[in-house]
Amino acid sequence: MEGDDDVEMREWCHALPKIELHAHLNGSIRDSTLLELAKRLGEKGVIVFEDVEHIIMKYGRSLPECFQLFDLFHILATDHETVTRITKEVIEDFAAENVVYLELRTTPKKNEAKGMTKRSYMKAVIDGLRAVETVDVVLFDSSNENGSESTIINGTSAEMKRRKIYMGLLLSIDRRETTTAAVETVDLAVEMKDLGVVGIDLSGNPVIGEWQTYLPALKHAKEVGLPITLHCGEVPNKKEIQAMLDFCPQRMGHVCYLEEEEWKTLKSLKIPVEICLTSNVRTERVPSVEYHHFVDLYNAKHPLALCTDDPGLFSTSLSNEYFLVASAFGLSKGEMLQISQKAVEYIFADSEMKKSLMKVFEDAQRKLVL
Ligand code: IMP
Ligand code: ZN
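Model, not experiment: these values are computed from the prediction.

Draft legend 1. Geometry of the coordination of the zinc ion (ligand 2). Distances from the zinc ion (ligand 2) to its protein donors, namely His22 (NE2), His24 (NE2), His231 (NE2) and Asp309 (OD), fall within the range 2.1 to 2.2 Å. Taken together, the four donor atoms surrounding the zinc ion (ligand 2) define angles of 83 to 167 degrees at the centre, an arrangement classified as irregular. The sequence motif formed by the donor residues of the zinc ion (ligand 2) is H-x1-H-x206-H-x77-D. Here histidine 231 lies in strand 7 (residues 228–232) and histidine 22 lies in strand 1 (residues 18–24), a separation of 209 residues in the sequence. Just as histidine 22 is buried, histidine 231 falls in that class too.

Draft legend 2. Structural detail: the site of ligand 1. Looking at ligand 1, there are 17 residues lining it, with Thr106, Thr107, Lys109, Glu234 and Asp310 nearest. Histidine 24 is positioned such that a nitrogen or oxygen atom in its side chain is 3.0 Å from an oxygen atom of ligand 1. Taking glutamate 234, its side chain carries an N or O atom lying 2.7 Å from a nitrogen atom of ligand 1. Alone, ligand 1 offers 490 Å² of accessible surface; in the complex the protein occludes 98% of this. Among the residues forming the shell around ligand 1, the class breakdown is three nonpolar, nine polar and five charged.

Draft legend 3. Seen up close, the packing of aromatic side chains. Enumeration over the complete set of coordinates arrives at five aromatic pairs. Measuring from centroid to centroid gives 5.7 Å for phenylalanine 67 and phenylalanine 70, while their planes differ by 55 degrees, and the two rings are tilted. On the criterion of helical spacing, the pair formed by phenylalanine 67 and phenylalanine 70 is a turn pair, its members being three residues apart in helix 4 (residues 63–76). Per residue, the accessibility class of phenylalanine 67 equals that of phenylalanine 70, and both read buried. Where phenylalanine 294 meets phenylalanine 329, the ring centres are 5.2 Å apart and the plane angle is 35 degrees; that geometry is what we call tilted. Of this pair, phenylalanine 294 sits in helix 12 (residues 294–299) while phenylalanine 329 sits in helix 13 (residues 318–329), and the two are 35 residues apart along the sequence. Judged by its relative accessible area of 0%, phenylalanine 294 falls in the buried class. Three or more aromatic residues joined by ring pairs make a cluster, and in this case those are Phe67, Phe70 and Phe73. Above the plane of the ring of phenylalanine 323 lies arginine 10, whose end atom (NZ or CZ) is 3.9 Å from the centre. When the ring centre of phenylalanine 247 is taken as origin, the NZ or CZ atom of lysine 222, which lies over that ring, is 4.0 Å away.

Rules used in this analysis
- In this numbering scheme, every chain counts its residues from 1 along its sequence in written order.
- Note on labels: chains are lettered from A, ligands numbered from 1, in written order.
- Residues qualify for local features only when their pLDDT is at least 70, as the model is predicted, and side-chain atom pairs are given and counted only at 80 or more; totals for whole chains, interfaces and linings, by contrast, use all residues.
- As a convention, hydrogens and water are excluded, and side-chain values are obtained from all of the structure's heavy atoms.
- Listed donors are limited to N, O and S atoms within 2.8 Å of the metal, widened to 3.2 Å for Na, K and Ca; water is not among them, so incomplete-looking sites are possible.
- In these descriptions, tetrahedral denotes four donors with every angle between 85 and 135 degrees, square planar four donors and octahedral six donors with opposite donors over 155 degrees apart and the rest between 65 and 115, and irregular any other case.
- Put simply, DSSP H or I for four residues or longer makes a helix, DSSP E for two residues or longer makes a strand, and each gets a number counted from the N terminus.
- When accessible area is computed with a 1.4 Å probe and restricted to protein chains, residues below 20% of their type maximum are described as buried, those above 50% as exposed, and intermediate ones as partly exposed.
- Proximity is defined per residue: any heavy atom of the residue falling within 4 Å of a molecule or strand makes that residue near it.
- Polar contact is the term for a pair of N or O atoms within 3.5 Å; when the atoms are in protein, one must be able to donate a hydrogen and the other to accept it, and sequence-neighboring residues count only if both atoms are side-chain atoms.
- All accessible areas in this document rest on Shrake-Rupley with a 1.4 Å probe, and a residue is counted as covered only by the protein chains that are shown.
- Think of it as three bins: nonpolar holds Ala, Val, Leu, Ile, Met, Phe, Trp, Tyr, Cys and Pro, charged holds Asp, Glu, Lys and Arg, and polar takes everything else, Gly as well.
- The aromatic pairing rule takes the rings of Phe, Tyr and Trp, using the six-membered ring of Trp, and pairs them if the centres are within 6.5 Å, calling planes under 30 degrees apart stacked, those over 60 edge-to-face and the rest tilted.
- Placement of a charge over a ring requires the Lys NZ or Arg CZ to be within 6 Å of the ring centre, with the centre-to-atom vector within 35 degrees of the ring normal.

As structure tokens, then:
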């Protein structure tokens, strides 16, 4: 059982305004929703519910097991209506954790049987943003001529005093995709800039695919000015890690298997790192939180952001990730506030959005007991 100090620290981490830069939509689905969807498909005879129930509820999964589970998620969430529902719930869950800026990433998917195209999948995601009821969702509109206006997409002026979650969407290229499919995703991201899309991610099973396959799409994204984040070094792959560092994206996720020279390059390039403690421990990329490379990067004052990766899959929350940092490394509340506030610098939205978020942190500084 946790002592009073831990309980108090957990409450403080919950109250802290937080910036989430690395969360996958389908990795953030509530267990209760997954079970409900599985039951429904079981009743229709599409799956055998008893076969998947234990997979959904299993605690502690290897990296290959996680990717098996993603395949199951994709069977469960293949129609537009479900995508909309999941998106709405995921945003509400992040807002309930006092996440004040959420960069949510998802892989646009085709499903001919359901009449789904990558575009209609993304439209279903955006419908989910509009359906959020508990908070106002504020999207950055990067196509705006002045480059500064944010759009509140589901609030009314009478409700302006409600809590807000600022948001951006990242479109993910899955490592299983072809060059053509990856380029299609980048083109869609460009088309959807005025609907809150702020960048591109490369993710998926790290033992699948070749860097050269995605490179044309990533270069295209760079040319049209879309910021890019890459899942990097989830498995030892020296050649790819070097190629990713050479590409110099705006951010990188994980960076678990870097060698001495690659750490030096990462640090000299000052590429911000999305740190996913629980995800890396649970998939056995690092032996424990205490041995995580967070501490080396933090001590080196390297730009970083604490993130969840897949809060549903790994049964975590962003508040919990901050609590883990406090417990494992003895960071003070002031230091954690600083980590959260610094992450504003690494978001893919523009300076106006950053200004709004800085104001949120100024207010918090006055209210939070340090
Ligand atoms: P989606 O893009 O919304 O469907 O979110 C799930 C997808 O995100 C998975 O199918 C993977 O492609 C990707 N993903 C989630 N977690 C990880 C990770 O830890 N490493 C690499 N890819 C991941
Ligand atoms: Zn990830």
